[in-house]
Amino acid sequence: MTSQTSPSTTAAQNTSQGSHAWVLTLELPGREMTTQYGTWTPPAGATRHDVFVALKEHIVGQQPQMASANTIFFSLEPNQL
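Residues numbered from 1 in each chain as written. Predicted model: local features only at pLDDT ≥ 70, side-chain atom pairs only at ≥ 80, totals over all residues. Heavy atoms only, no water.

**Q** What's the story with a nonpolar patch on the surface in this structure? I'm lost.
**A** Together, Met33, Ile72 and Phe73 line one region of the surface with nonpolar side chains, adding up to about 300 Å² of accessible area. Inspection of the secondary structure puts Ile72 in strand E3 (residues 70–78). (Patch = residues over 30% accessible without salt bridge, like charges linked within 9 Å, V, L, I, M, F, W, Y side chains within 5 Å. Areas by Shrake-Rupley, 256 points an atom, 1.4 Å probe, with all protein chains shown as cover. Salt bridge = Lys/Arg side-chain N within 4 Å of Asp/Glu carboxyl O. Helix = DSSP H or I, 4+ residues; strand = E, 2+ residues; numbered from the N terminus.)

See the structure below:
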C-alpha cells in the first residue's frame with residue numbers, strides 16, 4: 001500500500017507514487033501508538049471509508065494488537081502539489 005520514489009523521478013514515472021497520500025495514527029491508550037503513512041491509488045469507485053478500512057486492515061496485518069485501537073488521526077488527500 002505504500003511506495004517511495006526518488007526526488008529526481010519525472011512526472012511520467014510517478015505512476016508508482018499513488019494518486020493519494022495518507023497518514024493514519026492508531027492508539028491503544030496508555031499502551032501503544034503507531035503512525036504510518038504512504039501513497040495509494042484506490043480502486044475505481046472506492047469511497048473514503050473504503051480506503052480508511054483498507055489502510056487500517058493493512059496496519060493491523062502488520063501489528064495485530066492494533067485491531068481494537070482508537071483512530072487518533074486520518075488524512076487522505078490527492079497526492080499532487
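Now that the structure has been shown, the text picks up again.
**Q** I keep staring at the pairing of strand E2 (residues 32–40) and nothing clicks. Help me out?
**A** Each regular strand displays side chains that alternate between the two surfaces of the sheet. As paired elements, strand E1 (residues 20–28) and E2 share nine bridges and run antiparallel to each other. By the bridge assignment, Ala21 is partnered in E2 with Thr39. Linking E1 back to E2 in an antiparallel pair, the connection comprises three residues, with Gly30 at a positive phi of about 75°. (Pairing = 2+ DSSP bridges.)

**Q** For this particular structure, what's the right way to read the nonpolar core?
**A** In summary, soluble globular proteins display a tendency toward joint burial of nonpolar side chains. The biggest cluster of nonpolar side chains holds 14 residues, and the ones touching the most others in it are Trp22, Leu24, Leu26, Trp40, Leu55 and Phe74. Contributions of two or more residues to this core are made by E1, helix H1 (48–62) and E3. Of all the elements, H1 adds the most residues to this core, at five residues. (Core = buried A, V, L, I, M, F, W, Y, C linked by side-chain atoms within 4.5 Å. Buried < 20%, exposed > 50% of the residue type's maximum accessible area, 1.4 Å probe, protein only.)

Keep in mind these values describe shape, not function.
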